[in-house]
Amino acid sequence: VQLQASGGGLVQPGGSLRLSCTASGSIFSINVMGWYRQAPGKQRELVAAITSGGSTNYANSVKGRFTISRDNAKNTMYLQMNSLKPEDTAVYYCNANVVGVDWRPYDYWGQGTLVTVSS
């Protein structure tokens, strides 16, 4: 199973970006999917997560600005980021808890996509 993240880039404060993460490979189903980020010199932190049923959870720092969603048919998760701030600058990683064809759950990480918020 591979997770491919995309959509990062350079944006001015107040701007928007949309990240995507697609899972591919031998997948029976996907449980929770989530976005994490790691800024220079800081620990990786959870940004937002979404269950297969659509329940969501957000870090307090992004509530009201970021929206997580997923398309189960496409094994794809999105993160719409609005009103971006310089402190949102980080490498964003996608994570998925995938049930394989052996019916066992496995945790996978994407390669990370850099988001830079700067004027």
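Whenever I open this one, the pairing of strand E8 (residues 76–81) confuses me. Can you help?
Within a regular strand, side chains alternate between the sheet's two faces. The buried fraction of E8 is high, at 5 of 6 residues. Two strands pair when backbone bridges link them, and strand E3 (residues 17–24) and E8 are joined in this way by 6 bridges, in the antiparallel orientation. Residue pairing across strands places leucine 19 opposite leucine 79, the latter belonging to E8. With 6 bridges connecting them, strand E7 (residues 66–71) and E8 associate as antiparallel partners. By the bridge assignment for E8, isoleucine 68 is matched with leucine 79. Between E7 and E8, which pair antiparallel in sequence order, lie 4 residues; one of them, asparagine 75, sits at a positive phi of approximately 50°.

Would you mind showing me how to read the state of the cysteines here?
Covalently bonding the sulfur atom of one cysteine to the sulfur atom of another cysteine gives a disulfide. Going through the model one piece at a time under the given rule, you end up with 1 disulfide. A sulfur-sulfur separation of 2.2 Å characterises the disulfide bridge that pairs cysteine 21 with cysteine 94. With the S-S dihedral at roughly 65°, the linkage between cysteine 21 and cysteine 94 falls on the right-handed side. With cysteine 21 in strand E3 and cysteine 94 in strand E9 (residues 90–99), this residue pair connects regions lying 73 residues apart in the sequence. Each member of the pair, cysteine 21 as well as cysteine 94, carries the same accessibility label: buried.

Looking at this structure, I do not really get the packing of aromatic side chains. What am I missing?
Ring pairs (aromatic) are described by centroid distance and by the angle formed between their planes. Applying the stated criterion across every chain, the model contains 2 aromatic pairs. Measuring from ring centre to ring centre gives 5.8 Å for phenylalanine 28 and tryptophan 103, while their planes differ by 35°; the resulting arrangement is tilted. In this pair, phenylalanine 28 sits in the loop between E3 and strand E4 (29–38) while tryptophan 103 sits in the loop between E9 and strand E10 (105–109), placing the two residues 75 residues apart along the sequence. Both residues of the pair, phenylalanine 28 and tryptophan 103, belong to the exposed class. For the cation-ring pair, arginine 44 lies above tyrosine 93, with the distance from its terminal atom to the ring centre recorded as 3.8 Å. Its end group placed over the ring of tryptophan 109, arginine 44 keeps NZ or CZ at 4.7 Å from the ring centre.

Quick question: what am I supposed to make of the environment of leucine 84 here?
Considering the arrangement of structural elements, one finds leucine 84 in the loop between E8 and E9. C-alpha separation for the pair leucine 84 and arginine 65, spaced 19 residues apart in sequence, amounts to 7.7 Å. Those residues in contact with leucine 84 that lie beyond four places of it in its chain are Val11, Pro13, Gly14, Gly15, Ser16, Leu17, Arg65, Phe66 and Val117.

I would appreciate a short explanation of the sheet that holds strand E1 (residues 2–6) in the present structure.
Paired through backbone hydrogen bonds, the strands of a sheet run either parallel or antiparallel to each other. An order of E1-E3-E8-E7 is seen for the 4 strands of this open sheet, with the pairing classed as antiparallel. Each of the sheet's edge strands pairs with one partner strand only, and the pair in question is E1 and E7. Each strand axis lies, on average, 15° off the axis of its neighbour in the sheet, ignoring direction.

What is the right way to look at the pairing of E9 in this model?
Burial within E9 is extensive, with 8 of its 10 residues counted as buried. Across 5 bridges, the pairing between E9 and E10 is antiparallel. Across the sheet, alanine 96 pairs through a bridge with tyrosine 108, a residue of E10. In sequence, E9 turns back onto E10 through a hairpin of 5 residues, with tryptophan 103 there showing a positive phi of about 70°.

Calculation criteria
Residues numbered from 1 in each chain as written. Predicted model: local features only at pLDDT ≥ 70, side-chain atom pairs only at ≥ 80, totals over all residues. Heavy atoms only, no water. Buried < 20%, exposed > 50% of the residue type's maximum accessible area, 1.4 Å probe, protein only. Helix = DSSP H or I, 4+ residues; strand = E, 2+ residues; numbered from the N terminus. Pairing = 2+ DSSP bridges. Disulfide = S-S within 2.5 Å. Phe/Tyr/Trp six-rings, centres within 6.5 Å; stacked < 30°, edge-to-face > 60°. Lys NZ or Arg CZ within 6 Å of the ring centre and 35° of its normal. Contact = heavy atoms within 4.5 Å. Axes fitted to C-alpha atoms, helices over the stretch in contact; angles between N-to-C directions.

Spatial relationships are all this shows, so hold off on functional conclusions.
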